[in-house]
Amino acid sequence: MRRTEYLTEKRQFHNLPASLLMERAVKSCRTSDTGRQIALELTQYNIGSLPVVDDHGMLVGMLTEFDLLDILLKDKELKDVRADEIMTRDVKFVREDTPVDEIIRLLENDHLIRVPVVKDGKLTGIVARRDVLFGYIKSTAEYWP
């Protein structure tokens, strides 16, 4: 659920922080999950990537469909690789107070579809391009007095 779904007052779009835009119910995986488990999650929930977290919920990586497809191209079995072996470790992320304009620039400059949101290193949400657009629609709606 995104907090922008329940705005109770008019907000300036360019002042919206990640905490209002982000999806809080984030699917993630663990470093020990196999490629097969991750592929199942991605296909089951129709998503293209998963944040990788450690046992304390700290963001340690990101795993995408491309990472899994690369394993298949190398003629390996997804069941034989773990997330920590194939994940991207240098993850672009934002904090809960990151303003929307900075999020847009990061998404655009790095050609990202979504970016994890962290607080004190722990994964708290994820902001996708669509969440930014939804925030724009809600914050500029005509029904505000």
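Quick summary incoming for the structure in this document. (Residues numbered from 1 in each chain as written. Predicted model: local features only at pLDDT ≥ 70, side-chain atom pairs only at ≥ 80, totals over all residues. Heavy atoms only, no water.)

## Let's talk about the overall build of the protein chain
Phase 1 of the analysis: Secondary structure summary: the protein chain contains six helices and six strands in total.
Phase 2 of the analysis: Helices and strands in the protein chain line up, N terminus first, as α-β-α-β-β-α-α-β-α-β-β-α.
Phase 3 of the analysis: Once the C-alpha set of the protein chain is aligned to its principal axes, its extents read approximately 60 × 25 × 25 Å.
Phase 4 of the analysis: For the protein chain, with 145 residues in total, the buried portion stands at 41%.
Phase 5 of the analysis: Long-range pairs, those at least 24 residues apart, make up 55% of the contacts in the protein chain with a sequence separation of at least 6.
Phase 6 of the analysis: Carbon and sulfur atoms provide 49% of the accessible area of the protein chain, an area that totals close to 9100 Å².
Phase 7 of the analysis: Both charge centroids of the protein chain, one from 22 positive and one from 25 negative side chains, sit 3 Å from each other. (Helix = DSSP H or I, 4+ residues; strand = E, 2+ residues; numbered from the N terminus. Buried < 20%, exposed > 50% of the residue type's maximum accessible area, 1.4 Å probe, protein only. Contact = heavy atoms within 4.5 Å. Areas by Shrake-Rupley, 256 points an atom, 1.4 Å probe, with all protein chains shown as cover. Lys, Arg positive; Asp, Glu negative; His and termini not counted. Charge placed at Lys NZ, Arg CZ, Asp CG, Glu CD.)

## Considerations on the pairing of strand S5 (residues 114-119)
Looking along a regular strand, one sees side chains alternate from face to face of the sheet.
Phase 1 of the analysis: Of the pairings in the sheet, the one linking strand S4 (residues 94-95) to S5 comprises two bridges and is parallel in character. Looking at S5, one finds that Arg95 is bridged to Val118.
Phase 2 of the analysis: Pairing between S5 and strand S6 (residues 122-128): six bridges, direction antiparallel. Following the sheet pairing, Arg114 is matched in S6 by Ala128.
Phase 3 of the analysis: Linkage of S5 to S6, two consecutive antiparallel strands, is achieved through a turn of two residues, within which Asp120 is found at a positive phi near 55°. (Pairing = 2+ DSSP bridges.)

## Focus: helix H6 (residues 129-139)
Phase 1 of the analysis: Of the positions making up H6, those classed as buried are Asp131, Val132, Gly135 and Ser139. Viewed along the axis of H6, the buried residues span an arc of 105°, placing them on a single side of the element. Away from the buried face of H6 by more than 90 degrees, exposed residues Arg130, Leu133 and Ile137 are located.
Phase 2 of the analysis: Of the surrounding elements, those touching the buried residues of H6 are helix H1 (18-21), helix H5 (100-109) and S6. (Arc of directions from axis to C-beta.)

## What about helix H2 (residues 35-45)?
Phase 1 of the analysis: Those residues of H2 not exposed but buried are Gly35, Ile38, Ala39 and Leu42. The arc that holds the buried residues of H2, viewed along the axis, is 100°, so those residues lie on one side. Structural note: H2 exposes Arg36, Leu40 and Gln44 on the side pointing more than 90 degrees away from its buried face.
Phase 2 of the analysis: Looking at the buried positions of H2, the neighbouring elements they touch are strand S1 (29-30), strand S2 (49-53), strand S3 (59-64), helix H3 (65-73) and helix H4 (83-86).
Phase 3 of the analysis: Once H2 finishes, Asn46 follows within two positions and takes phi at roughly 55°, a positive value.

## With respect to the sheet that holds S3
Phase 1 of the analysis: The strand order across the open sheet formed by three strands is S1-S2-S3, and the pairing between neighbours is mixed. What marks the edges here is a single partner per strand, and that holds for S1 and S3.
Phase 2 of the analysis: The sheet contact formed by S2 and S3 spans five bridges and is antiparallel. Looking at the pairing, Val53 lines up with Leu59 of S3.

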